[in-house]
Every structure is written in structure tokens, then in C-alpha cells.
Amino acid sequence: MSDDSVHIMVVDDEPGMREGCRRILVAEGYNVATAEDGVVAMELFEKHRDFATMLVDLKMPRMGGIELIERIRKQDQDVALFVITAYATIETAIEATKRGANGYLAKPFTPDELLLHVRNGLEWRALSAETRRLREEREKRLLEVAFERSKINTIVNCMTDGVIVVNRDGQIVLRNAAAARILPSSTEVSLPAPLGAAVACAELRDILTKILRGPSGPLVASREVELEKCPYMVNASPVVEPGGEILGVVAVLRDIAALKKLETAKSLFVSMVAHEVKSHLAAVEGYLNVIRSDLEKEPQRSREMMDRAILRASTLRQMVSELLELRAIETGNFMLTRSPLDVNEIVAETAETCKAKAKEKSIELSVRLGGREKPIKVLADRTAVRTVLSNLIDNATKYTPAGGHVTVRVESDHVYARLSVKDDGIGLAPEDAAKVFDEFFRVRNEQTAHVVGTGLGLSIVKQLVEMHHGKVSVVSALGKGSEFTVSLPLAEQSP
Amino acid sequence: MSPETPLIILVDDDPDFLEIGAHALKADGYRVACFVTPSEALEQMQREKPRMVITDLMMKDLDAGFSFSRAIKDDPHLKDILVVIVTAIGSQRGFDFRPRTQADLEAMRADAYLEKPVMPDVLQAKVRELLGKRQGEQKR
């Protein structure tokens, strides 16, 4: 028990008493300090702060024992404090204990009595420190638990999906901020609140109750429900104890308005495709029927109808392949092989292949190449640039009457190569010019009635140009003609 | 053909529909005139009043067929012409104009409504049905 590091203070105004105690304790191996009154004792205590036990006389000048005990106890919960006095009365003993003393030693006392008290004091001190350590640890853990709980609450509250938890009695016990927004009626009652009062939507109540009281054991529900006129996906599952008993239901409410919009757009697209396919097929079928009944009577007319049927059939085939191409571009399954291309060369080459078709319609197709000083080069996919150009020339040829002109021009500035296709055809109304790159968009008027097309050619142009970080634009005047311009970034000039 | 043979006017900006439809109706013994725009058709109507007009809905404008049928039905001289609207607006634009009741049909000033593409036999059946009804009404 006696240890070099154990410090004890004896406080007594009687020098003999101080010295006597000191000797006894030093002999036992304790480290002993002495003080003649409360003021000196307080100074010593505050200077060293490592006293395990203090023996304090009650009656002292300047500061008495009661006051000293009180002040020390305020600063140190663990030090063992013993009162030593010759004027022992029950009252003073009680008073000292109330102020924080651990025990009482009446003068005169034997060395053994003194040592016994000191040892008891040290034992008490050790216990007290241990108790305090345990208490602090427990408090810390409680704090951690509280922190965990508030962390989970914070996370649940920050979720964009609504979360509600219903207990076994059908009462909502948890509702995060999003759920409060989604189910405004639930904020009118305080939690826990019965489902009937908190949830206005009968369908949602039904889903939750069914899981709670599911006769066929716990089930999971995933259903679309309309809440406050917005579509939500409700995913609800039982909260199951490790023993298997259902404690409640947790439901996640997810806003699916954007998804629904996408779904609508998709189904509209599918129906547009179906319509295009159906109308080409109907024309082909219709013509075949007419031809079958007419063939012998009017062979010349039948031949014309066959040409029309073939045109519709080949347009349909082209539409399907363009559609597949567009989907491939959109889903990223379209691989570009970029290489430095001479724009003049590719324009001249592509225009050449389009000449025959233009001539057939008596349209003059001319080419104006640019950049005489040095070649205009872009880093692009050869096939893609050809498709862009031939689609634009094809488009210009279709909407330009016989005798008209289509001009392909190449120009460049420091950043872009510009490829333009200009015609003096029927032109576009401003509202049509805005939609001309939309899928399946086709201008409908008396002049376009006989033009057969897929409505996809310009959509492909736009997609391909954008894949090359370029842009395509149209300038047009109704009755005067259109000019489509493609800008492609120049390849870095090699030194 | 005698002038008593009913005249039917077809209006559509799709020349293939005009060709095939005209063929089917001629085969059933009607006289048929085809136009790509409502204005050309209206002009013709001043010369000879047809028994029936079969028109596309979406031509130059989204609702060109509706204004065309209104022009016919609001004209005291033309209002007894039967109007059939054919359209693909449902599958093309996602608008559901299909009339569910007689009141819907009256609201769009039409006597019948057909979804595009219209197969020749469907067109023939509809025309027969409408003209038959009209004849029955006139006899009474």
C-alpha cells in the first residue's frame, strides 16, 4: 500500500501534531507535506494537486478546517479528507462530513489509528476514481449512442425519398422530412399517430396494413400510388425481429414523375415508329391490290404504281436502318474512327456520287471548294462525314423543284471548317425550321406532298455532327430556299 | 358515268393514299376527285357539290382537317355533305382525338372518323355504311 508516489498532507496549527503525524507517515513510506493553516494548505494543494489524502485540523487561524475541506472538495472529488480534532462533537463531525470529509479522527490517536485511517482513505480514493472512470465511460457511451441515433435521424431526414415507419399497432412512429412533404396530412398530427389520421391515401394505408397483418407471413410490396396528384413508387417491407416477429412496416416513397414522363415519351416514340412502318406498308399493300385487279387493263398505270410501291418499300427499309443507326448513336454503340480528313477531298467525292440523282430531277449541283493556300483538315470519321454531306445534299435535292440549284461550299476560319449546302428550293417557315432536326419531323404542304422521306435524315446529321463536337444550323426563307451549315473543329495543324 | 353517281372528294397530302383510296372507291362505283389541299377541294365544291368528303386531319397545319370540316358544315349550301376525317394524329403526336360518342363526332363536325393508315376495304365499308344511312334517311 505504502508507495513513494502517494502524497499526504497534514494540516494543523500545532507544530508538534504536524511533526508527529509526518514522522509516522514518512516511516511508512508516504511522501508527506505539512501546513500550519488552511491558507498555506490551499496554496500547497493548488501547487501540487497530487495529494491522495489530507488530514485536516478544524480549528486553525486564518482559514479553518471546514472551509478548507469545502474548497478542496470542490476541486477534487477523489482526495480522501479526514478531520482531526481534539474538540470532537457529533455536530462538527456531521458538519465536516456534509462539506465533503470522508472521516473523523479524534485526538489523541495512536499511530495505528492514524495509519488505518490513511489506508482506508487511500482505498476509498481508489474506489472513487474507479467509479468515476466507469461513470464517465458510461456517459461517453450514452453520448455515442445518442450521436449514432441523431446521425441516423439526420441521414434518414436528408433522403430525397420519403420514409415512414409504422409500428405493430398501426401507428406512424417515424416520418422523415420528405415523407412530411409527400404526405402533408401526416404533419397535422403529432407522432405516433394512427395511420387513418395521418395518411389520407387509402391505397397507401391498405398496402401498409396488409404487410402488417399479412396472413401469409411477411410480404414485401412494390406498387405505384398517386399521392397529392403525383406518381410515387411505394416500396414497403416488414420490420422483422431476429425472432421472426413483425414489429412494424418501413415504407420508402419515391417520386417517379420524371420516370413516367420518360416512359410516355418512349411509348409515343414507339407509336410514331409503328405508324411510319404501318403507313409505308399500307401504301405498298394498297398498290399491290390495285395492280392485281388492274394489271391487264392498264399495264402503263400498273407500272407507275409498282414504282410508287417500290419507292415506299425502299423508304421503309431505309427508315428502319436509319432508326437503328440513330439508336446506335444514342446508346453509344456507334464507333467513330477519327482520322485527319481533307474536307475539300471528301466534299468533292461525296458530291460526285449525288450528281446523278440531282441530274435526274434537273437540278444543278455545284461545288465550291475552299482554302487554296493550305488544305482544310478535320479530325473525323470518314463515313460519318460522308453521311452528313449526302443527307444534306439529298434533303436539298428533294425540296428543290426541277431547274433549281444546289451549291455545296467549303470554307474555314481559325477554328472551324464550314461545310454548307445551299438550295433555291421551297424553303422553310420559321416554325418548321426550328423542328427540322426532330425525329420524324417532315414539312407538310402541297409542295411536299409528293416527296417521300423518312424524317430521320437530318436527325442523323445533327447527332453525327455533335459527336464530332461540331454544330449544324439552318438559315431559310419560305419560297426562297435553305442553307444548312455544318461547322467541324479543325484538326490541329501539324507543324 | 352519270351525274347521279355520287361524287366523293378525297383530300390528303399523301398522294399514295389518294391513289389507292380513289381506286377502291371507283371500284365501288363512285365518282372520285382527289386534292392535296382543302382550298383546292373547296374550289371544286363550288362547281359540283359532292356527296361526301374524306379528309386527312394533319396537312399543312396540325388541325387543317378540322377547319376544313367546319368550313363545310358552317356553309348552309354545303352542310349536308358527309365528312369523314382520317388521321394518324394519335400514333404520331400522342393526341387521342378518337370520338367515343356521337356528341364527340358532332363536336369535330364530322360524320365519321378513321385511324390512318386506312385499308381500302375499311374505307369502302365506311362509305357504304354512311351513304346507305343517308339514303334511308332521305327515303323517310
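Please read all numbers here as calculations on a predicted model, not as lab measurements.

Below, the discussion takes up the overall build of chain A. A count of helices and strands for chain A gives 14 helices and 18 strands. Sequence separation of at least 24 residues holds for 62% of the intrachain contacts in chain A that already meet a minimum separation of 6. By element, 54% of the accessible surface of chain A is carried by carbon and sulfur atoms, the whole surface being about 27500 Å².

Further remarks concern unusual backbone geometry. Look at the link from lysine 116 of chain B to proline 117 of chain B: it is a cis peptide, with omega at -10 degrees. Within the secondary structure layout, proline 117 of chain B lies in the loop between strand S5 (112-115) and helix H6 (120-139). Located in the positive-phi region is glutamate 228 of chain A, a residue other than glycine, with phi close to 50 degrees. Inspection of the secondary structure puts glutamate 228 of chain A in the loop between strand S9 (221-227) and strand S10 (230-240).

On to the packing of helix H10 (residues 299-330) of chain A against helix H1 (residues 15-27) of chain B. Relative to each other, H10 of chain A and H1 of chain B sit at 135 degrees, their axes nearing to 11 Å. For the element pair H10 of chain A / H1 of chain B, the angle class is oblique. Note that H10 of chain A runs across H1 of chain B; the crossing there is left-handed. Where H10 of chain A abuts H1 of chain B, its residues Arg301, Met305, Arg308 and Arg312 of chain A lie against Pro15, Asp16, Glu19 and His23 of chain B. Looking at the contact of H10 of chain A with H1 of chain B, its residues break down into 2 nonpolar, 1 polar and 5 charged.

With that settled, consider the environment of valine 163 of chain A. Residue and element names in this part refer to chain A. Mapped onto the elements of the fold, valine 163 is located in strand S6 (residues 162-167). Overall, the relative accessible area of 7% leaves valine 163 in the buried class. For the pair valine 163 and asparagine 176, spaced 13 residues apart in sequence, the C-alpha to C-alpha distance is 5.6 Å. The residues contacting valine 163, other than those within four sequence positions of it, are Val156, Leu174, Arg175, Asn176, Ala179, Val250 and Ala251.

Residue and element names in this part refer to chain A. Every buried residue of helix H2 (residues 38-48) is accounted for by Gly38, Val40, Ala41, Met42, Leu44 and Phe45. Looking at the buried positions of H2, the neighbouring elements they touch are strand S1 (7-11), strand S2 (31-35), strand S3 (51-57) and helix H3 (65-75). Two or three places before valine 39, at the start of H2, stands the capping residue aspartate 37, its side-chain oxygen 3.0 Å from that residue's backbone nitrogen. Positive backbone phi, at 55 degrees, marks arginine 49, one or two positions downstream of H2.

Turning next to the nonpolar core. All names here are of chain A. By size, the foremost hydrophobic cluster in this structure holds 50 residues, and its most contacted members are Val343, Val347, Leu392, Phe440 and Val486. By residue number, the principal contributor to this core is helix H12 (residues 382-398), which donates 7 residues. Excluding its chain neighbours within four sequence positions, the residues that come into contact with valine 343 are Ile376, Val378, Val410, Ala417 and Leu419. The next biggest cluster of nonpolar side chains, apart from the first, holds 26 residues, and it includes Ile164, Ile207, Val225 and Ala236.

Let's shift gears to the sheet that holds strand S4 (residues 82-87) of chain B. All names here are of chain B. Taken together, the 5 strands give an open sheet; going across it, the order is S2-S1-S3-S4-S5, and neighbouring strands pair in parallel fashion. Both outer strands of the open sheet, strand S2 (31-35) and S5, are each paired with one neighbouring strand and no more. Taking each pair of neighbouring strands and ignoring which way they run, the sheet shows an average axis angle of 20 degrees. In this structure, strand S1 (residues 7-11) lies alongside S2, joined through 5 bridges in parallel fashion. Looking at S2, one finds that leucine 10 is bridged to cysteine 34. Here helix H2 (residues 38-47) sits on the sheet and contacts S1, S2 and strand S3 (52-56); the angle it forms with S1, its principal contact strand, is near 160 degrees. Here helix H3 (residues 64-73) sits on the sheet in contact with S1, S3 and S4, set at roughly 180 degrees to S4.

Once that is clear, we can look at the sheet that holds strand S18 (residues 481-489) of chain A. Backbone hydrogen bonds are what pair the strands of a sheet, in a parallel or an antiparallel way. Residues and elements named next belong to chain A. Read from one edge of the open sheet, 5 strands run S13-S15-S16-S18-S17, paired in mixed fashion. Here the strands that pair on one side only, and so sit at the sheet edges, are strand S13 (364-368) and strand S17 (471-477). Neighbour-to-neighbour, the strand axes of this sheet turn through a mean angle of 15 degrees, independent of strand direction. Alignment of strand S16 (residues 416-423) against S18, held across 7 bridges, turns out to be antiparallel. Opposite serine 420, over in S18, you have threonine 485 as the bridge partner.

Residues and elements named next belong to chain A. Scanning all chains against the criterion turns up 1 cavity of 30 Å³ or more. There is about 50 Å³ of room inside the largest cavity. Together, Ala384, Val385, Val388, Leu419, Leu464, Val465, His468, Val486 and Leu488 line the largest cavity. Mapped onto the lining of the largest cavity, the elements with two or more residues apiece are H12, helix H14 (457-467) and S18. Per element, the largest residue contribution to the lining of the largest cavity is 3 residues, and it comes from H12. Considered class by class, the residues forming the lining of the largest cavity number 8 nonpolar, 1 polar and no charged.

What follows deals with the packing of H10 of chain A against H14 of chain A. When two helices pack together, their arrangement is given by the angle between the helix axes and the distance between those axes. Residues and elements named next belong to chain A. Relative to each other, H10 and H14 sit at 25 degrees, their axes nearing to 10 Å. Taken together, the axes of H10 and H14 are roughly parallel relative to one another. Considering only the axes of H10 and H14, their crossing is left-handed. Where H10 approaches H14, its residues Glu322, Glu325, Leu326, Ile329 and Glu330 are matched on the opposing element by Gly457, Ser459, Ile460, Gln463, Leu464 and Met467. Grouping the amino acids of the contact of H10 with H14 by side-chain chemistry returns 5 nonpolar, 3 polar and 3 charged.

Residues and elements named next belong to chain A. Of all 7 residues in S3, 7 are buried; the element is thus mostly enclosed. Two strands pair when backbone bridges link them, and S1 and S3 are joined in this way by 5 bridges, in the parallel orientation. Bridge pairing links methionine 9 to methionine 54 in S3. The pairing of S3 with strand S4 (residues 80-85) spans 5 bridges and is parallel. The residue of S4 that forms the bridge with valine 56 is valine 83. What joins S3 to S4 is H3, and the crossover it makes is right-handed.

Residue and element names in this part refer to chain A. Inspection of the entire model under this criterion finds 2 aromatic pairs over all chains. Judged by centre distance (5.9 Å) and plane angle (45 degrees), the ring pair of phenylalanine 269 and phenylalanine 440 falls under tilted. A residue pair is termed long-range when its members are at least 10 positions apart, and phenylalanine 269 in helix H9 (residues 257-294) and phenylalanine 440 in the loop between helix H13 (430-433) and H14 qualify at 171 residues. Given the relative accessible area of 8%, phenylalanine 440 is considered buried. Ring geometry for phenylalanine 437 and phenylalanine 484: centres 6.1 Å apart, planes at 90 degrees, overall edge-to-face. With phenylalanine 437 in the loop between H13 and H14 and phenylalanine 484 in strand S18, the pair connects residues that are 47 residues apart, well separated along the chain.

Procedures and definitions
Residues numbered from 1 in each chain as written. Chains lettered and ligands numbered in written order. Predicted model: local features only at pLDDT ≥ 70, side-chain atom pairs only at ≥ 80, totals over all residues. Heavy atoms only, no water. Helix = DSSP H or I, 4+ residues; strand = E, 2+ residues; numbered from the N terminus. Contact = heavy atoms within 4.5 Å. Areas by Shrake-Rupley, 256 points an atom, 1.4 Å probe, with all protein chains shown as cover. Axes fitted to C-alpha atoms, helices over the stretch in contact; angles between N-to-C directions. Parallel < 35°, antiparallel > 145°, perpendicular 65-115°, else oblique. Left-handed = near helix turned anticlockwise from the far one by under 90°. Nonpolar A, V, L, I, M, F, W, Y, C, P; charged D, E, K, R; others polar. Buried < 20%, exposed > 50% of the residue type's maximum accessible area, 1.4 Å probe, protein only. Polar contact = N/O pair within 3.5 Å; in protein donor to acceptor, adjacent residues only side chain to side chain. Core = buried A, V, L, I, M, F, W, Y, C linked by side-chain atoms within 4.5 Å. Pairing = 2+ DSSP bridges. 1 Å grid on protein atoms, 1.4 Å probe; cavity = no way out; pocket = protein on both sides within 12 Å on 5 of 7 lines; lining within 4 Å. Points joined across faces, edges and corners; volume = space filled by probe spheres on them. Right-handed = clockwise from strand over helix to strand, strands pointing away. Phe/Tyr/Trp six-rings, centres within 6.5 Å; stacked < 30°, edge-to-face > 60°.

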